[in-house]
Amino acid sequence: MSGATLASLNSAVKRFGRITALDGLNLSVGRGELLALLGPNGAGKSTAINILLGLQRPDAGHAELFGMDPQEINARRRIGIMMQEVGLSPSLKPRELIRQVTNYYHSPYEVDAVIKRLSLESLAERRYGVLSGGQKRQVQLGMAICGRPELLFLDEPSVGMDVNARAALWQVIRDLVREGCSVVLTTHYLEEAEALADRVAVLDHGKLVASGTVDEIRSYVTRKTVLCKTSLATDVIRAWPEVEQLQHASGRLQIITRDAEAVLRRLLNGDAQVRDIEVLRAGLAEAFAEITSSGNGNGQEKAR
Amino acid sequence: MSVETMTNYSTSSLTGSRLLAAYLGDIRIELTKITRTPAFFVPTLFFPAMFYVLFGVLMGGGDAQGALHTFVRMGVFGTMAPGLFGFGVSLAFEREYGQLIFKQALPTPPGSYLLARMLMAMLFASVIAVILIVLALTLTHAPLTPMAAVRVFFVEVLGVLPFCAIGLFVGALASGQAAPAIINIIYLPMAFLSGLWVPFQYLRIPLLQDTATLWPPFHLSQIALHAVGMESFGTMGSHICALIGVTLLFFILAVRRLSSGGLHLFGARRPGSGFRFGKLFTMGIIFVSIFLIIAGVMGGHEKVPAATSKAAAEEGAGSPVTGTRSTAAVGVAAPATTQLGDFDAGSTKVSYGLGWAPADDKWNGGKSTAVLKLTAGGAGNSKAALEVSGNVEGSAQYPFGGMNFFPNGTTDPDFSKWGYTDYSKRSSFRFWVRGDGREYMVVFVPPNPGMDAIPLMVSFTAGPEWKEINIPLRDLGSAILERVKIIQIGTPNPGPFRFEIDDVRIE
């Protein structure tokens, strides 16, 4: 195995009863890259991560972590993990939690250095149970990076964090990548992937449906939503060629379009009293829906 | 923080000191967690000691054997909680909140979680054992030798293992919400059914005694009784079999259950990188453990006297026994003679023990009186009889007037150190009596009345004419007759009393 690939899934298949969570997934993480794993709920992100962490085994295909089976403890001594949902002992202090994890690694960072790096000084001696959700995530990040990992798995790291904490988290992740650490990031926030990722992989129905740089992925997501209050008749707007969908949402008209600028121009020209205009990029869920429905995934899935 | 250069550890394991640090780190964390959970450690440490002081010291009546028996029972009770709660409740919570799966994803050394938890349970058991040993030696006359104390300490520390396994099984199955309730449902009734709360001699419910071997605490308590030299049921081998079987069975079932949920307590499943319970291996263990449990349950009933009581019994046979203080639960065997006083020699003496003496209730604050007087002309024209008279006042908690006989009494001023006698081989207690027409009773008093056993009481009426009273002992149960400290004849009913008695025999 070449030194460039740290973790990989090759034609990995995983089934849970009648549900196929992974359907021949190929995925690899190179050294020093930040791979963002995106996809709607149930796309297979968690299963892919669990297999790479050695928590599950693929039914077919295989997984490698540093050229070893992910269930080899020596492979996992080179990774750091931040899981999405983990309830740590509320009676322990962040310093103790981090120190315990450092014991599992060959050459961990000093506990104090981790605390300083994540600005946890004010939290380090408090009980974990009294911390806020965002603070808990920061402590979990400390536990993930304290072992000086070569590859970091971050599952929804910024959930529950406020804006400042999220910005600080992003900075820490960028620093780690600059130091040569690879990161696999799963997230629901497109901005997060946008801010951090070198490469984005979009999963749906257990398959890789899109992969590339952030810009490449963004080009898939072209639909935007225009919200406004207008006196123009609905039928008139529906007749505009740029409008794909039209609906009413909390007192405003919601126009889905691939060409927001053209729709705005028509709105402003046709209705001098148009108010409360807002243009939204499609949410991630809609982006995935678009990617997956325009692709060949769904139909073939069902046919099989 | 400066940029760190990456080192390649690609295939190396943690070496000696780093691996030790990993295990020790987990142990330290478990200890920290426990010390910050007073809701766990306070009752776990405090309750056995509290119950021992209550039942063994304050209510124990000062009896040495009873104090030792209670010491053993409370010690075994104390070993149950650390394993059951430490594994059951915590594991269920940690499983439910994803902590275990997180630990598994981390490079946690194999089995460190189990090891740390098990050591905590053992630590708790050893602290409880030490507390009880100190209490027994300082507050009671329990005949606990240093060697016996060491033996019982190890029995109780190792005795946590079956309860760890049961706890692990519950923790593997139950939700965090349900686990505490389930553990309590197992814990308290099992302690009761195993005779830890109330000894079977006291309850005298045959069903409980017959089913006791089903419960692990019973087996552990019999080993512990044996370790301090007291009478126990069943062979040690059968108890050890049962406990190993229970430990293996629940452990393997818990491991199976957890691994079906993706949790591998011993790390990776790949051969060579961790320990794997193969299907055949698992079935083998289950089979062996069930076999061991059956062997243990079947072999647990036979009564085994304490090691020291045989010697004491031989010593006591056929000759008056005075001052012999055995550590046996069963009293020394009664001397061969059946005669307990015909009073013709002009004395209240019996050929062994302390002889008949007046019995009143001054020891528990009463004002009743009793006088013994030898009278000419006994039953069946014998030379003499013994007249017992006095007045019972109802002011004492246990009013009584009459006479009593300590078959194994001594001159030791400490009444609690007086021995007791095994009359379980005798079939009847007989004597001739006449008197004022009142109802009287014969009372066989055990060493620790109210705790180990209730006194046996049989009523009779003393009419104006000489009449022989025959009390069949067969029907009264051997538990008390094995340990008779006092035989009393008299009445608890207020008022003046008078009766004459002659030719007392136990045959």
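Calculation notes
Residues numbered from 1 in each chain as written. Chains lettered and ligands numbered in written order. Predicted model: local features only at pLDDT ≥ 70, side-chain atom pairs only at ≥ 80, totals over all residues. Helix = DSSP H or I, 4+ residues; strand = E, 2+ residues; numbered from the N terminus. Expected span 1.5 Å × (residues − 1). Buried ≥ 20, exposed ≤ 12 C-beta atoms within 10 Å, placed from the backbone. Axes fitted to C-alpha atoms, helices over the stretch in contact; angles between N-to-C directions. Parallel < 35°, antiparallel > 145°, perpendicular 65-115°, else oblique. Left-handed = near helix turned anticlockwise from the far one by under 90°. Contact = placed C-beta atoms within 7 Å. Nonpolar A, V, L, I, M, F, W, Y, C, P; charged D, E, K, R; others polar. Pairing = 2+ DSSP bridges. pLDDT = per-residue confidence, 0-100. Core = buried A, V, L, I, M, F, W, Y, C linked by C-beta atoms within 7 Å.

K.L.:
Any details on helix H7 (residues 160-173) of chain B? Residues and values, ideally.
P.N.:
Between its first and last C-alpha, H7(B) extends 20 Å over 14 residues, near the 20 Å set by a 1.5 Å rise per residue. For H7(B), a buried count of 13 out of 14 residues is recorded, marking the element as mostly surrounded by other parts of the structure.

K.L.:
For the packing of helix H12 (residues 236-260) of chain B against helix H13 (residues 279-298) of chain B, give the residues involved together with the corresponding values.
P.N.:
Residues and elements named next belong to chain B. In the contact formed by H12 and H13, the axes pass within 7 Å of each other and the chain directions differ by 150°. Relative to H13, H12 is oriented roughly antiparallel. Here H12 and H13 pass one another in a crossing that is left-handed. Here Ser238, His239, Cys241, Ala242, Ile244, Gly245, Val246, Leu248, Leu249, Ile252 and Arg256 of H12 lie close against H13, whose contacting residues are Thr282, Ile285, Ile286, Val288, Ser289, Ile290, Leu292, Ile293, Ala295, Gly296 and Val297. Class assignment of the residues belonging to the contact of H12 with H13 gives a composition of 15 nonpolar, 6 polar and 1 charged.

K.L.:
Please set out the sheet that holds strand E7 (residues 182-186) of chain A residue by residue, giving values where relevant.
P.N.:
Residue and element names in this part refer to chain A. Strand order in the open sheet formed by 6 strands is E5-E6-E7-E3-E8-E9, with mixed pairing between adjacent strands. Since the sheet does not close on itself, it has two edges, and those belong to strand E5 (79-82) and strand E9 (207-212), each with one partner. Across the sheet, the mean angle separating the axes of adjacent strands is 15° when strand polarity is ignored. Pairing between strand E3 (residues 34-38) and E7: 4 bridges, direction parallel.

K.L.:
Before we move on, could you go through unusual backbone geometry and cite the residues and values that matter?
P.N.:
Its identity as a non-glycine residue notwithstanding, A:His205 has a phi of 50°, on the positive side. With a phi angle near 55°, B:Asn381 is a residue other than glycine that sits in the positive phi range. Mapped onto the secondary structure, B:Asn381 falls in the loop between strand E5 (369-376) and strand E6 (384-392).

K.L.:
If you had to explain the environment of A:Lys136 to someone new, which residues and values would you point to?
P.N.:
Residues and elements named next belong to chain A. Note on placement: lysine 136 falls in helix H5 (residues 133-145). The sequence separation of lysine 136 and leucine 88 amounts to 48 residues, and the corresponding C-alpha distance is 9.1 Å. Not counting residues within four places of it along the chain, the set of residues in contact with lysine 136 comprises Tyr128 and Leu131.

K.L.:
I'd like to hear about the pairing of E9(A), residue by residue, with values.
P.N.:
Residues and elements named next belong to chain A. Where strand E8 (residues 199-204) meets E9, 5 bridges bridge the pair, whose relative direction is antiparallel. From the neighbouring strand, leucine 203 faces E9, where its bridge partner is leucine 208. Counted along the chain from E8 to the antiparallel partner E9, the turn is 2 residues long, and its residue histidine 205 has a positive phi close to 50°.

K.L.:
Could you give me a rundown of the confidence of the model for chain B, with the residues and numbers involved?
P.N.:
All names here are of chain B. Looking at chain B, the pLDDT average stands at 81 and 85% of residues meet or exceed 70. Considering each helix and strand of chain B separately, the mean pLDDT is smallest for helix H14 (residues 307-316), with a value of 37, and largest for H7, with 94. Within the model, pLDDT remains below 50 along residues 1-10, and this stretch shows 12 contacts once partners closer than five positions in the same chain are excluded. The low-confidence segment residues 307-328, where pLDDT is below 50, has 48 contacts with residues more than four positions distant or belonging to other chains. Scoring the predicted complex yields pTM 0.68 and, for the interface, ipTM 0.77.

K.L.:
Describe the nonpolar core, and please don't skip the residues or the numbers.
P.N.:
Membership of the largest hydrophobic core comes to 84 residues, with the highest contact counts inside it found for A:Ala36, A:Ala48 and A:Leu152. In this view, A:Leu152 contacts A:Ile79, A:Gly80, A:Ala144, A:Ile145, A:Leu176, A:Cys181 and A:Val183; residues no more than four positions away in its chain are not counted. Counting 79 residues, the second-largest nonpolar core is a separate cluster that includes B:Phe40, B:Phe77, B:Ala191 and B:Ala227.

K.L.:
Pulling in residues and values, what's your account of the environment of A:Leu232?
P.N.:
Residues and elements named next belong to chain A. Tracing the backbone shows leucine 232 in the loop between strand E10 (224-229) and helix H9 (234-238). When the 16 C-beta atoms within 10 Å are taken as the criterion, leucine 232 is described as partly exposed. In this structure the C-alpha to C-alpha distance between leucine 232 and aspartate 271, which are 39 residues apart in sequence, comes to 6.5 Å. Here leucine 232 is in contact with Ile237, Gly270 and Asp271, once residues within four sequence places are set aside.

K.L.:
Please provide a residue-by-residue account of the packing of helix H3 (residues 94-102) of chain A against helix H1 (residues 16-35) of chain B, values included.
P.N.:
Viewed as axis vectors pointing N to C, H3(A) and H1(B) meet at an angle of 155°, and their least axial separation amounts to 9 Å. Relative to H1(B), the element H3(A) is oriented roughly antiparallel. Of the two elements, H3(A) crosses H1(B), and the hand of that crossing is left-handed. The segment H3(A) lies against H1(B), with A:Glu96, A:Arg99 and A:Gln100 engaging B:Gly25, B:Asp26, B:Ile29 and B:Thr32. Along the lines of polarity and charge, the residues of the contact of H3(A) with H1(B) split into 1 nonpolar, 3 polar and 3 charged.

K.L.:
Any details on the environment of B:Met120? Residues and values, ideally.
P.N.:
All names here are of chain B. Relative to the elements of secondary structure, methionine 120 occurs in helix H5 (residues 112-139). In this structure methionine 120 comes out as buried when scored by C-beta crowding, with 24 C-beta atoms within 10 Å. Spatially, the C-alpha atoms of methionine 120 and arginine 28 are 9.7 Å apart, while their sequence positions differ by 92 residues. Methionine 120 has contacts with Glu30, Leu31, Ile34 and Gly86, leaving out every residue within four places of it along the chain.

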